[in-house]
Amino acid sequence: MINNLIIVESPAKAKTIEKFLGKDYHVSSSMGHIRDLEKKDFGIDIKDNFKPRYIVPEDKKKIVSELKKLVGESKTVWLASDEDREGEAIAWHLSEVLKLDSSRTRRIVFHEITKEAILDAIKNYRTIDHNLVDAQQARRILDRIVGFEISPILWRKIKPSLSAGRVQSVAVRLIVEREREINDFVSTSSFKITGRFIVKDKNGKISELEAELSKKFATKKEALDFLNKCAKAKFTIKDISTKPSKKSPSPPFTTSTLQQEASRKLGYSVSQTMMIAQKLYESGKITYMRTDSVNLSQLALNSASKIITSEFGKDYLNIKAYKTKTKGAQEAHEAIRPTYLDKDTIQGNNSEKKLYELIWKRTIASQMSDAQLEKTSITIDISGSEERFIASGEVLKFDGFLKVYFESTDDEQEDEKQGLLPPLNIGELLQYKTIDAVERFTHYPPRYTEASLVRKLEELGIGRPSTYAPTISTIQNRGYVLKTDKAGKARDYTVLNLTNEKVTESKKSELYGSEKSKLFPDNIGMIVNDFLVEYFTEILDYNFTANVEKEFDEIASGNRNWTEMISGFYKKFHPTVESTLKKSEPNKGERILGKDPATGKPVIVKMGRYGAVAQIGENATDEKSEKPRFASLRKGQNLESITLEEALELFKLPRSLGMFEEAEMVVGIGKFGPYVRHKSAFYSLKKGVDDPYLIESDRAIELIREKREIEKNKVIKEYKEEPGLKVLNGRWGPYISFNKENYKIPKNVDPAALKLEDCMNIIKNSSDKKKPKKK
């Protein structure tokens, strides 16, 4: 007989809890949700006071059977799934499926997996909070309705296998709109003026003072005229102002701020951060990782106080009570922090160690003193001009929290030196060394990174801590958005230099527009977005999505009936679905770019079955009509911005590269990517190295010879008596190939020494071991 059965949602969490409790407790896992909505009609019949229909999936039936057996042998059952709405729903599903007796069922929650927290939760058990369950059901069903009703429309009107979602579609809209802002952006140039002045102290020591003009000039002529004025002007210190300043630490991590900071500092994706944080939580190293609270427990504050005082001194301690700014914060009652603050490092892999260290530093720094700074500003008058130069400097007087949170680097030290200003007096005359006017260009709005998209979603009130990572993963997995790098382009800029009363002009070059790990909308993402914005305006409205989150919060707090909320939504939404099915036209994102100069036929770009394509000629109306020619758009080419010239370039393939061994080499693009064809054999071009539009004959010959050498070395041994039998070199080592089946060679056997009978024995032994395939 089991005295106490604790059920959690993951084996890792079960293992950690088990080591803190004695033999009186048995811990088991449900492996996540054990029920799902019935697929037919989304598991619901939408009408007032409806009840959703849930089923136990096939892969969960064995788990349910095992849990039922354990429940039957237990005196008390403790449901210990996570403390958010998802966790509450898991506990409720377990209660329903396992038919738990309420008199011997307890619900416990803890935001950290420590012995103290678990025992405290057991002491303060409660019942299942049905308001939280209802809020989670409402989210799940509303999202199911949106996805299941809109997706089939996309299949009919745009392309099969597409999907839509309440939050994912809004995230795609943000990325699409930003891309269009960038496409419409027109860069303008101006001239930034920087002066370097010679300063002598009372001992005759010479130093330099760098200052910027308070105004930028729109044209080269204005900048040139100003430099000519400066050639013989006098420069006088007009004003020196010194003000104290401070920098305050950031609050402890919430889910979104952890995702953002891990992306910026460690280069982790949002989903990678959450996967690592989940492991740290389940192994008892950090508190619950899905939270929008910045609060810290009194126990954590006491621990932080002891560490800061002993490690850095009392001057560095400043205990703060942060307040959560996010409306409807509900995922947990505390920020993300280490469970034991006295441990600044942990055992684990490199990724876990890095994320833990980041969380530890942020938590400790949040309770440390402000950094004290002194900012100095020097104003320099120019005789004969209304303009003024401004020099700014900043000195760190007391590092405070910066001692912990920012690691010092050589670059940062150099920046600090640049921030120091030489001693000067009002009225002092300065002599210029050089004054430069450098042409600078305005930059388009930055594309979203995963981190900045999370921040934007949070600002708009869209989604909750548990939804950010899956939303961003979904829009990439669906092919609506690509996370990729963009190579920069070279451009020239003008530099005007004043030295020794003489102005010179020079041209320099710079690389601009390079981007790393940014989110770009794919062609299909833009087409789907436009369709949804046109026909489902309310669903794609940012305020609608944010307001729905507020309604979920009202349900969670017991102030709203969840079935009424869903019914009210469906009554407005479903007629729009039916209307769109009847009225909307198929949308392939088609654009006519112009006419092909060679044939006079129209050149069109559109979304094809396998992606974006360019087309020359109209679609054939009958068998006698000439069929159009097609070419796939290249990576990075956009249906909205591709030009006629760029589209025509795509039709230069296949192209001849000349002769080799008395046979023509032809480069083209096929189903499996770009290739060189020679003597009926195909040789793949190397991804990221070879461009089918630029490759020349020498490189093609190199690829042909390279593959031949690989093929030559691939065959270790052949047998005349059995032509279909070969010993080959493979990707994972030598193997036997016989009648289109592959057989592994034992490690202690020399492949080159294998005789025919040896091969047949290996094949026979392998065949005996092979299990029959399941139907």
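Bear in mind that the values here come from a model prediction, so they are computed numbers and not experimental data.

## Describing the overall build of the chain
Stage number 1. For the chain, the count of helices and strands is 21 helices and 28 strands.
Stage number 2. Here the chain holds 775 residues, and 47% of them are scored as buried.
Stage number 3. Long-range contacts, defined as pairs at least 24 residues apart, comprise 69% of the intrachain contacts of the chain with a sequence gap of at least 6.
Stage number 4. Counting only carbon and sulfur atoms, one obtains 49% of the accessible surface of the chain, whose full area is about 42,500 Å².
Stage number 5. Computing the positive centroid from 133 side-chain charges and the negative centroid from 115, the chain places the two 3 Å apart.

## Here we look at helix α5 (residues 130–157)
Stage number 1. When the terminal C-alpha atoms of α5 are compared, their 40 Å separation across 28 residues agrees well with the 40 Å that a helix rising 1.5 Å per residue should span.
Stage number 2. Counted residue by residue, α5 has 20 buried out of 28 residues, so it is predominantly covered.
Stage number 3. Of the residues flanking the start of α5, the one acting as N-cap is Asp-129, its side-chain oxygen 3.0 Å from the backbone nitrogen of Asn-131.

## Regarding the sheet that holds strand β27 (residues 733–738)
Stage number 1. Pairing within the open sheet is antiparallel, and its four strands lie in the order β25-β26-β27-β28. The sheet terminates laterally at β25 (715–718) and β28 (741–744), the two strands that pair on one side only. Across the sheet, the axes of successive neighbouring strands diverge by a mean angle of 25°, strand direction being ignored.
Stage number 2. As paired strands, β27 and β28 are joined by four bridges and run antiparallel to one another. Paired with Ile-736 across the strands is Tyr-743, a residue of β28.
Stage number 3. Contacts between helix α20 (residues 697–714) and the sheet are confined to β25, β26 (725–730) and β27, with β25 contributing the most and set at about 45° to the helix.

## Observations concerning the packing of aromatic side chains
Stage number 1. Within the structure shown, the criterion is met by 16 aromatic pairs.
Stage number 2. Summarising the aromatic geometry, the rings of Phe-235 and Tyr-432 are spaced 6.0 Å apart at their centres and angled 80° between planes, so their arrangement reads as edge-to-face. Placement of the pair is Phe-235 in strand β9 (residues 235–247) and Tyr-432 in strand β12 (residues 429–441), with a sequence separation of 197 residues. Here Phe-235 matches Tyr-432 in class, with each residue buried.
Stage number 3. Pairwise contacts between aromatic rings join Phe-197, Phe-217, Phe-226, Phe-235, Phe-389 and Tyr-432 into one cluster.
Stage number 4. Above the plane of the ring of Tyr-512 lies Arg-491, whose end atom (NZ or CZ) is 4.0 Å from the centre.
Stage number 5. Here the guanidinium or amino end of Lys-707 rests over the ring plane of Tyr-683, the centre of that ring lying 5.4 Å away.

Thresholds applied
- The residue numbers shown here count from 1 along each chain, following its written sequence.
- In keeping with the model being predicted, local features are shown solely for residues with a pLDDT of at least 70 and side-chain atom pairs are shown and tallied solely at 80 or more, while totals for entire chains, interfaces and linings include all residues.
- For the side-chain quantities, the full set of heavy atoms in the structure was used; hydrogens and water were omitted.
- In DSSP terms, a helix is any run of H or I states spanning at least four residues, a strand is any run of E spanning at least two, and both are numbered starting from the N terminus.
- Remark: exposure states derive from per-residue accessible area (1.4 Å probe, protein chains only) relative to the maximum for the residue type, with buried under 20%, exposed over 50%, and partly exposed in between.
- Contacts are assigned to residue pairs that have any heavy atoms within 4.5 Å of one another.
- For accessible areas, the Shrake-Rupley method is used with a probe of radius 1.4 Å. Any residue's cover is judged against the shown protein chains and nothing else.
- In this count, Lys and Arg are taken as positive residues and Asp and Glu as negative ones, while His and the chain termini are left out.
- Working definition for charges: the position is that of NZ of Lys, CZ of Arg, CG of Asp or CD of Glu.
- A helix's residues, less one, multiplied by 1.5 Å, set its expected span.
- Polar contacts, as used here, are pairs of N or O atoms within 3.5 Å; protein pairs need one atom able to donate a hydrogen and one able to accept it. Residues neighboring in sequence count only if both atoms are side-chain atoms.
- Here, any two strands with at least 2 DSSP bridges between them count as paired.
- Angles run from 0 to 180 degrees between N-to-C directions of axes, and those axes are lines fitted to C-alpha atoms, restricted for helices to the stretch in contact.
- Planes of paired rings set the category: under 30 degrees apart is stacked, over 60 is edge-to-face and the rest tilted, where pairs are Phe, Tyr or Trp rings (Trp by its six-membered ring) whose centres lie within 6.5 Å.
- Our definition puts a charge over a ring when NZ of Lys or CZ of Arg is within 6 Å of the ring centre and also within 35 degrees of the ring normal.

It is worth stressing that arrangement in space is one thing and function is another; only the former is reported here.
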